[in-house]
Structure formats: structure tokens, C-alpha cells
Amino acid sequence: MSGGSVSTTYLELSQDDGTAHKFYEVTVDALVVTVRYGRIGASGQTQVTAFPSADKARAAAAKKVGEKVRKGYAPAVPGQRAPRAVTRRQVTSAPSTARAVAPVLWRFGTGSAAFGIHVDDEHCWVGNQAGDVYTLGHDGRVLARFNLPDGVKCLVADDFWIYAGCDDGKVYDLSSKLPFAAYDIAADVDIFWLDIHEGVLDVSDRDGKLTVIDHEDEHQWSRRSQGDHAWMVRADDRAVYHGHQRGVTAYAPDGGGELWHTPTRGGVLFGWQEDDTVYAGTAHRVVQRLSKASGAIEATYVCDSAVYACATSPGGRFVFAGDAASSVYCFDQDGTRLWKLGTGGGSALSMQYRDERLYLVTTDGSLVCVDASEAAVSAAQQGTVPVARDVKLAEALPAYAPATTASAVTAVAQAPTGSIVVQCVQDSGRLRVHVVSEGYDSSWNVQFPRAIREPGARYVVDALHPAAGGFYRVRGDIRRLL
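What counts as what
- Residues numbered from 1 in each chain as written.
- Predicted model: local features only at pLDDT ≥ 70, side-chain atom pairs only at ≥ 80, totals over all residues.
- Heavy atoms only, no water.
- Helix = DSSP H or I, 4+ residues; strand = E, 2+ residues; numbered from the N terminus.
- Contact = heavy atoms within 4.5 Å.
- Polar contact = N/O pair within 3.5 Å; in protein donor to acceptor, adjacent residues only side chain to side chain.
- Patch = residues over 30% accessible without salt bridge, like charges linked within 9 Å, V, L, I, M, F, W, Y side chains within 5 Å.
- Areas by Shrake-Rupley, 256 points an atom, 1.4 Å probe, with all protein chains shown as cover.
- Salt bridge = Lys/Arg side-chain N within 4 Å of Asp/Glu carboxyl O.
- Core = buried A, V, L, I, M, F, W, Y, C linked by side-chain atoms within 4.5 Å.
- Buried < 20%, exposed > 50% of the residue type's maximum accessible area, 1.4 Å probe, protein only.
- Phe/Tyr/Trp six-rings, centres within 6.5 Å; stacked < 30°, edge-to-face > 60°.
- Lys NZ or Arg CZ within 6 Å of the ring centre and 35° of its normal.
- Pairing = 2+ DSSP bridges.
- Axes fitted to C-alpha atoms, helices over the stretch in contact; angles between N-to-C directions.

Asks: Before we go on, may I ask you to explain the environment of Arg473 in this structure?
Replies: By the element assignment, Arg473 lies in strand β41 (residues 471-481). With 99 residues separating them along the chain, Arg473 and Glu374 place their C-alpha atoms 40 Å apart. Residue contacts for Arg473: discarding those within four places in its chain leaves Asp158, Trp161, Tyr163, Glu198, Gly199, Gln447, Ala463, Leu464, His465 and Ala467. A polar contact of 2.9 Å, which involves the side chain of Arg473, links it to the side chain of Asp158.

Rendered as C-alpha cells:
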């Protein structure tokens, strides 16, 4: 507490099992109540509310504190507990030894080291360590910007839902204009990589552990693999594929146990998957293709330096790799190297192929679009490349930050025609969300942002999609129904 008319109450919730590691601070200054909250060691997020009288401000603050104390928060001293462990990938990038430079069409500098990338039918997504996520058109035009509270570890897609895994331990759904925290990962998990399949989140971490969390943000199971520094996790209906310093391990999706383990040539630094195979890029200069059914190594693609990233064209017809020496490679599916070219600006830390273009995020924080067509690569090998367009950030670009309270969500007086109404309900001690509109199974839960749930509150959503496991996922914007 502090003297004068200003009073501050600081609380923390830090559980031994690592499922919570956060703070909550309430400051009353005359008529204004300021709430600050987040993970321990971070600046957190702030909400400011003004009241008509000092008595009402103090009463509101006391209510907020009481609610947190009942949930297990306790008075604490800021700075005494260690913050959440965060490992930022330490990489080196040497100049390319390739004789020719790749045919880069455009390049966008994000302003900070970047790892996250996703490319879909409409957009290119890139996320950096400053917490910025940008969406661009395939022509390189910057369309929107998301401001997340901490550095972006990776971007993953689950059908047409896009998620950003961040250093604050949260996974944000970016599928609508207003991002939401969809998952909150335990504080003892030092996140390295993420994947999401049918609403189930798979997390690989520094210690070589795999943690699986369901669509309701509830822990399901975890396993510790043979090696640490697990930079790869990919999932499908058959298994979760976990890549670490000792190779790749496949686990049953329900946590039933290990299906197979395959040592790789060097520790795994990146992973990719196709329908029947997974690809592991390793520190020993190779990409290896493994059978999903048995774990058998089916092909090896040899590079000239440690492999930071890999990807394939559909079906694995072509295999691409980016190494620690600012080069990018293309192989046929059997392992024959077709070409090696310089990136023209740093080593690729993530990559994705789409429609004869190869998209890279590099060590200098750039999103790079490479023309990977046969004609363009052939011309590049002869020394003819296009002049890369330097994409600039538009000054008037809209920026969207996560919604952290119900009041941050747009309110409407009535549900627009064709929209769907959902409601927050108490269910076995948990605040769930069920569908109110007709035509849906009202017993199913809706995957819905926890930060904006209020007992009895109703919300309007654009669309709901059923998912395996019996729940609905929101598509489009969310609005409060007054």
C-alpha cells in the first residue's frame, strides 16, 4: 500500500505444479481504479475505470481483490518471484557460398527477428520477437498488424484458424480482427514450438517435454522425450510427432504411449509434415523424411550447413531447406539436390511453399517471397534475377491488440440477421459457453476466449463450426449482446 489518496494492492498466484504464474495489481487513485495483470516478471496489461465517487471506486477495487483472493491469489512483493522462463533461439548466420542469388520478388522488414510464418489462399502472415504479427497479400501489400503482448514464437494454422504462440505463455487466435488469448500454457513450460490440430494444442519445450492441452484450455497429458531442446512438434489424427536433440518420437494422440522413436542425423531444429511423412531438419546439415506409420527414414536431403527450416511442395514432390549460411535449397523427393541459391539477406528460420513461391522469414527479421518456378530458378542460376521490391509499412495501417475484458468487445443491441448467439453458463464449477441459437447442439461447449467470459453474458458470433471431439469453434468477429 502507498500513502495519501493512492492505494495499491499487489497479488500473485504461483502454483507449485506450474499451472499458474501470474500477478494482479489494483490501484485506487481518488475516482480511478487501475488494474494491471499478467505473467510474473512482465509488464502485463492495464485496464483503467473511472467511478462517480471515491467510495464506489474503493468498493469496486475491494470486490476485484476479493474475487482474486478467493481464486487463490495472495499478497506478494513485486520482483521476489522469478519470471517465466523464456528461451529465444540463438542462431548464427553466415554469408551464402552459393554462386547465385534466389529470384526474390519482394521483401518486407518487420523490424525485429522473426520466426513465425503462415501462408494461406489469401494472406501471408509473419510474426516477430517484438510481438508484431503482420498480414500481407501475396503481392506483398501490407494489410493489417496485430500487437501482441510478447514475442511471437511461431504461427500455426488449424484449418482456417490462425494462432500465434507467444513468449508470455499464451496462444492467441488471430482469426478475426480482434485477437483473443485462446490457450494459457503452464508457467513451467519454456515454449519452443506449437502445433494445433482439431482444437488440441501440442507444445514442445526446452526440456524435451510434450504437453497436450484441449480446446477448453485444460491439460490433457504430457510426455518427456529422450532428448531436450524440442524444436519440432507436428500433429494429425494418427499421432503427435515430437522432434528433439535425440531424434523424432511419435505419440498416440490420446496420450496412450509412444508409437515409435527414430534417431536422426543430428538434433532436430525444425519440422514439417505431409499426409504420410514428416520431415526433420537437423543440426548435422540434413533434412530427413520419416514414415508416419513406422518412423523409418525414407530419404535424406544433404545441405552444406545446419538446417534451420524446411518445407515441401504438395505431396512432397519437392523438398526445400534453409541453412545457417543464408542459402536455400531445392531437392527432388528422392534426395537429389536440384539447386542451391543465396537468400540475399540472412538465413531462413521458417519457410513455406505455395503456388511456385517459397516464403521465408530470415534472421534479419524479413519476410521474403522467392519465385520458385523452374523458369525463374533457371534464370537465377545464370545470374538473371528480378529487382526485389522493398515493401514499406503503410502509415495508416490498422493495428489490433488482444481483447482482455468483456468491455473491450464491441456491443450490439440485437443479433444481426444470420448471426449466432452463445451464452456463458456455469457448468461443474467452470464458466462454459453454449449455443443459444437453434440448429446447434446446446450441450456442446464453444471454444471461446476466457478473458471476456462473464456469467450469464450473451455474445454474437458470425459462424460456428463443429470440430472432432464434439465442440464448436468460432469463425469471425465476436460482439457482446446488450
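After that view of the structure, there is still more to cover.
Asks: Is there a simple way to think about a nonpolar patch on the surface in this case?
Replies: Where nonpolar side chains cluster on the molecular surface, the patch consists of Leu31, Val32 and Val48 and spans about 220 Å² of accessible area. With respect to the element layout, Leu31 can be found in the loop between β2 (21-29) and β3 (32-39).

Asks: Mind showing me how you'd approach the nonpolar core here?
Replies: Generally speaking, a soluble globular protein has its nonpolar side chains buried in company with each other. Counting residues in each nonpolar core, the largest one holds 65 residues, and the members touching the most others are Ile185, Leu201, Met351 and Leu358. Not counting chain neighbours up to four residues away, the residues in contact with Leu201 comprise Val171, Tyr183, Ile185, Leu194, Asp195, Ile196, Thr211, Val212 and Ile213. With 20 residues, the next largest nonpolar core counts Ala406, Ile452, Tyr459 and Val474 among its residues.

Asks: Can you walk me through the packing of aromatic side chains in this structure?
Replies: Under the defined criterion, the tally for this structure stands at 21 aromatic pairs. Look at Trp193 and Phe270: their rings are 5.7 Å apart centre to centre, the planes differ by 70 degrees, and that puts the pair in the edge-to-face class. Within this pair, whereas Trp193 is found in strand β15 (residues 191-197), its partner Phe270 is found in strand β23 (residues 268-273), the two being separated by 77 residues in sequence. Phe270 shares its class with Trp193; the two are buried. Between the aromatic rings of Trp444 and Tyr472, the centroid separation amounts to 4.8 Å while the plane-to-plane angle is 40 degrees, which identifies the pairing as tilted. Within this pair, whereas Trp444 is found in the loop between β38 (430-435) and β39 (445-447), its partner Tyr472 is found in strand β41, the two being separated by 28 residues in sequence. Three or more aromatic residues link up through ring pairs in this structure, and these residues are Tyr279, Tyr301, Tyr329 and Phe331. Note that Arg473 overlies the ring of Trp161, its terminal NZ or CZ placed 4.1 Å from the centroid. The lysine or arginine in question, Arg475, covers the ring of Phe160, its NZ or CZ lying 4.1 Å from the ring centre.

Asks: Looking at this structure, I do not really get the sheet that holds strand β27 (residues 307-312). What am I missing?
Replies: The strands making up a sheet associate through hydrogen bonds between their backbones, and the pairing can be parallel or antiparallel. A sheet is described by the order of its strands in space; here four strands give the open sequence β27-β28-β29-β30, paired in antiparallel fashion. Looking at the sheet topology across the chains shown, the edges are occupied by β27 and β30 (337-342). The average angle at which neighbouring strand axes cross in this sheet is 20 degrees, direction not considered. Where strand β29 (residues 327-332) meets β30, five bridges bridge the pair, whose relative direction is antiparallel. Residue Phe331 lies in a different strand from β30, and its bridge partner there is Arg337.

All we've got here are geometric facts, nothing functional implied.
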